[in-house]
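What follows is each chain in one-letter form.
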Amino acid sequence: MGPGKASQLRSNRFVISARIITMGSACSRKRGQLLVDEEDLYSARFSKSSSFKWLLHTLPRSGSDVHRKVQGPGPGPGRCPSLVELCVAKVREDIGRYSDFSRLPRDLSQQIFNELVEWNSLTEELLGAFRDCALQDICLGDYPGVRDSWMEVVASQGLSLLSVDVSCSDVTDSGLNQLKDCINLQSLTCNYCDQISEHGLKTLSGLSNVTSLSFKKCGAVTAEGAKAFANMVNLGNLDLERCPKIHGGLVHLKGLRKLEKLNLRYCNCITDSDMKHLSDLTNLRELQLSCCKISDLGISYLRGLASLVLLNISRCGIYDEGCEHLEGLVKLKVLNLGFNYITDACLVHLKELVNLECLNLDSCKIGDEGLIHLKGLLQLRTLELSDTEVGSNGLRHLSGLRNLQSVNLSFTLVTDIGLKKLSGLNSLRSLNLDNRQITDNGLAALTCLTGLTHLDLFGARITDAGTNCLKYFKNLQSLEVCGGFITDAGVKNIKDLKALTLLNLSQNGSLTDKSLELISGLTALVSLNLSNSRVSNSGLHHLKPLQNLRSLSLESCKVTAIEIKKLQLAALPNLVSVRPE
Amino acid sequence: MLGKGEAAGQAHLHKDDDGGEQPSGVVKLISAEGFEFVVDKKAAMVSNTLRNMLTSPGGFSETREGEVRFPEISTPILEKICQYFYWSLHYSSGKETSEFQIEPEITLELMMAANYLDT
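Residues numbered from 1 in each chain as written. Chains lettered and ligands numbered in written order. Predicted model: local features only at pLDDT ≥ 70, side-chain atom pairs only at ≥ 80, totals over all residues. Heavy atoms only, no water.

## Description of the overall build of chain A
A tally of regular secondary structure across chain A gives 21 helices and 19 strands. Taking all 581 residues of chain A together, 56% fall into the buried category. Considering only contacts within chain A whose residues lie at least 6 apart along the sequence, 59% involve residues at least 24 apart. Within the structure as shown, chain A displays about 22,400 Å² of accessible surface, and the carbon and sulfur contribution to it stands at 51%. (Helix = DSSP H or I, 4+ residues; strand = E, 2+ residues; numbered from the N terminus. Buried < 20%, exposed > 50% of the residue type's maximum accessible area, 1.4 Å probe, protein only. Contact = heavy atoms within 4.5 Å. Areas by Shrake-Rupley, 256 points an atom, 1.4 Å probe, with all protein chains shown as cover.)

Laid out in C-alpha cells, this is it:
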C-alpha cells in the first residue's frame, strides 16, 4: 500500500464530514460545485475544536465486526471478508496479546496499524508494538492523543516511511525533528499543528523527496520558516492554507518548478509583493488564492501561468483591470472570481477561455450585459451567479450553453419570464432559484427539465398549485420549498419523489402531521426539515420508516426534544443530528 | 479432509449441495508435515494464488498433478484455511451467517498464510 491509499482515506473522511455538515445546514442557500470552498470559509476550521470532528466521531462506525464492515451500508450479503481481513480484525480484538509486530511482513503490520487507527484503538502503549515495522503510511491525522512521544516510533520506520499525517496533533519541533532521517518521505501532512515553530519546520529541509506537503494554519510558515521548502525541489503539491504569517515566505517557492498545486487560501497577509514570486511557477495547474490581499497588480504576475486549469481568486478584492491578465490562461477549466469588485466590463476578458467548465461570479457586480461574453463558453457546466444583478434579459445568453449542469440564480433579479430561456438546457441537474420573484408560473416553464436532481426554491413564492410541476422532476434528490405557501395538499405532489434524500419544507406554517404521513414513503431521505410548521409530537411516529434519516429538524414546531429522542432510540438509529435537542 | 495414510479411501471436503459445479474435481493441498487435504477445486479457488495456479493454461505442474505442496504452512493452519474456503463459499451464497472463528493462538500465523495465498 502506497501513500495514495493514505491520502484516499483522508479525503474520504473529509467528504463524509463535509456532506453531513451540508445536510445539517438546511437554510444554506449556497449549495453547488464550489461548496467545499464555502464550507471552509464559514465553518471555522477543520481542527481539534471544530464541530466537524464531533459529527465524524458520532457517525455510526462500520459495525461491531468485520463481517458487517465489508457489507457496506446497503442491504444484501455483500462481499465476503478475506481471511486476511478476518485475521486483522481478530488481532485488533485481542490486541493486548501482542507487543511486537516487527517480525510480520510489512504489508500485514501496515494493515493491523490501519485497523487500529480506524477503530480508534491505537494508544501510545500499543504503538510501541509497531517499532521498526518498516511501515510506509502513518496516517494519524485528527487522531486523539498524538504527541512527541509517538514520533520516535513513527521515525523508527526509517527509510520505508513514505507518508505521515499528524494533523491536529500536539507534536512540537522536537517531535517533527525525528523525521529528518526519513529521507524517502513523499507525503507529509501537519495541518493545524499549533505547537510547531519555524525552527521545527526548518529541520525538514533535507526531505528532498517530498512531493506533497501540507501545513494548514501553521504559524511556523514565516519568511524564515518557509526556507525549508526551498530544497524540496520535487514538491508537486503544497498546501499552506490559512498560514497567518506567510507574508515574505513565498520567495522560497521560486525554484519549485515541479509545483503543480498550490493552496494559499485564506492567507490574508499575502500581498502583491508576495505574488511576484509565483510568476515563474509555470507548471502550476491549480492555484488557490481566495481571501489573499492582492490587487490587480498581484494578478498580473499570473499572466504567464499558462498551465493553470484551476484558479481561485475569490474575495481578493480585484477590479476589472485585474481580469485582463487572465486572458491568456486558456487551459482554465475552473475559475472562481466570486466576491470581487468586477463588473460586466471584466467579462470580455473571459471570452477566449473556451475550456471553462466552472465559473463562479458570486456576488460580483455582474448584470445582463456582461453575460453576452459567456455565450461562447460552450463547455460550461457550472455557473454561479448568486447575488449578482443578473435579470431575466441576461438569461437569453445562456440558452445555448447546452452543457450546463448547475446554475445558481439565487438572490438575482431573475423573474418568471426569464426562466423560459432555461427550458432548453436539458443537461441541467442542479438549479437554484432561491429568489422571491419566482412563482408558480416560472416553475411551470421548467417542467421539461426532467433530469433535475437538485432544486432549490427556498424563498420562491411557490404555492400548492405550483407543486403540481414538481411531479415532473422524478429524479430529484434534494428539494427545498420554503416560501411559506405550501400546505398539506401541496405535499401530496411531493410524496412520490422517491429519489429524494434531502427535503426542506420549513417555514411553511400550515403544514400538519398529515404532511409527515405523506412523507413517510420517502424512505431514501437522509435529511428532513419541517421547522416552523404545525407538526406535533403525535405525528412523529410517521417517520419510523425513514431508516436512512441522519438529520431531522423540527424547530419551532409542537414537538418536544424528549419525544424526538424516544423516536431516535426506538426506530431511527442513523439519526445523528436532531433539532430541537 | 484426512491425514495421509489414515485410511485407504480418501474422504473429501464437499459443499452440502453442489448445483452447477463449474471447476469440477478436487485438488490435494499438502502441509509442511505432509498431511493431505482434499478439497473441491471450487473451494480452493477462493484463494487467488491457487486460482492462478489451477487456471493458468499449461503453466504449473500443480495443475496436472492436482496437488499443491505448502512446505511453509503447518497442518493446523492449512486445515483452518480449508475451513475458510468453505465458509467463504457459504457466505457468498448467503447461507452462512455465523462468524468465522479464529483462535487467538494462531491468528498471526494464519494471517501470514492467508496473505501468501491471497485469500
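## Describing the nonpolar core
For soluble globular proteins, the rule of thumb is that nonpolar side chains tend to be buried together. If you look at the biggest cluster of nonpolar residues, it comprises 201 residues, and the most contacted ones within it are F101(A), L122(A), F215(A), F229(A), L289(A) and L29(B). Here the element with the most residues in this core is helix α4 (residues 75–92) of chain B; it accounts for ten residues. With sequence-adjacent residues up to four places away left out, L122(A) is seen in contact with F113(A), L116(A), V117(A), L127(A), F130(A), L140(A), Y143(A) and W150(A). (Core = buried A, V, L, I, M, F, W, Y, C linked by side-chain atoms within 4.5 Å.)

## Overview of the side chain of T447(A)
All names here are of chain A. Summarising the element assignment, T447 is placed in the loop between α17 (440–444) and β14 (454–457). For T447, a relative accessible area of 18% puts it in the buried group. A distance of 3.4 Å separates a polar atom in the side chain of T447 from the backbone oxygen of A444. Once you skip the residues sitting within four places of it in the chain, T447 turns out to touch C469, Y472 and F473. (Polar contact = N/O pair within 3.5 Å; in protein donor to acceptor, adjacent residues only side chain to side chain.)

## Some details on the packing of helix α6 (residues 106–118) of chain A against helix α5 (residues 107–117) of chain B
Here α6(A) crosses α5(B) at 115°, and the two axes come no closer than 10 Å. Between α6(A) and α5(B) lies a crossing whose hand is right-handed. Between α6(A) and α5(B), the residues in contact are D107(A), L108(A) and I112(A) and M111(B), M112(B) and N115(B), respectively. The residue inventory of the contact of α6(A) with α5(B), partitioned by class, reads four nonpolar, one polar and one charged. (Axes fitted to C-alpha atoms, helices over the stretch in contact; angles between N-to-C directions. Left-handed = near helix turned anticlockwise from the far one by under 90°. Nonpolar A, V, L, I, M, F, W, Y, C, P; charged D, E, K, R; others polar.)

## Some details on a negative patch on the surface
Residue and element names in this part refer to chain A. Together, E321, E324, E327 and E352 line one region of the surface with negative charge. Relative to the assigned elements, E321 resides in helix α14 (residues 320–324). Judged by its relative accessible area of 45%, E321 is partly exposed. (Patch = residues over 30% accessible without salt bridge, like charges linked within 9 Å, V, L, I, M, F, W, Y side chains within 5 Å. Salt bridge = Lys/Arg side-chain N within 4 Å of Asp/Glu carboxyl O. Lys, Arg positive; Asp, Glu negative; His and termini not counted. Charge placed at Lys NZ, Arg CZ, Asp CG, Glu CD.)

## Overview of the interface of chain A and chain B
Residue-level contacts link 26 residues of chain A with 19 residues of chain B. In total, chain A and chain B occlude about 2,000 Å² of area from one another, counting both sides; carbon and sulfur atoms represent 72% of this. On the surface where chain A and chain B come into contact, there are zero salt bridges. If you list the elements that add at least two residues to the side of chain A that touches chain B, you get α5 (83–93) and α6 of chain A. At seven residues, α5(A) tops the list of elements feeding residues into the side of chain A that touches chain B. By residue class, the composition of the side of chain A that touches chain B is 15 nonpolar, four polar and seven charged. (Buried area = accessible area lost by both parts, 1.4 Å probe.)

## A few points about helix α8 (residues 148–155) of chain A
W150(A), M151(A), V153(A), V154(A) and A155(A) are the residues of α8(A) that are buried. Contacts made by the buried residues of α8(A) are with α7 (124–127), β1 (137–139), β2 (163–165) and α9 (173–177) of chain A.

## A short note on the sheet that holds strand β3 (residues 67–69) of chain B
Residues and elements named next belong to chain B. If you walk across this open sheet you meet the three strands as β2-β1-β3, and the pairing is mixed. Two strands in the sheet have a free side with no partner beyond their single neighbour: β2 (36–40) and β3. Strand-to-strand twist in this sheet, taken as the mean axis angle between neighbours without regard to direction, amounts to 25°. With three bridges joining them, strand β1 (residues 26–30) and β3 adopt parallel strand pairing. When the sheet's bridge partners are listed, L29 is paired in β3 with V68. Contacts from α4 reach β1 and β2 within the one sheet, and its direction differs from that of β2 by about 10°. (Pairing = 2+ DSSP bridges.)

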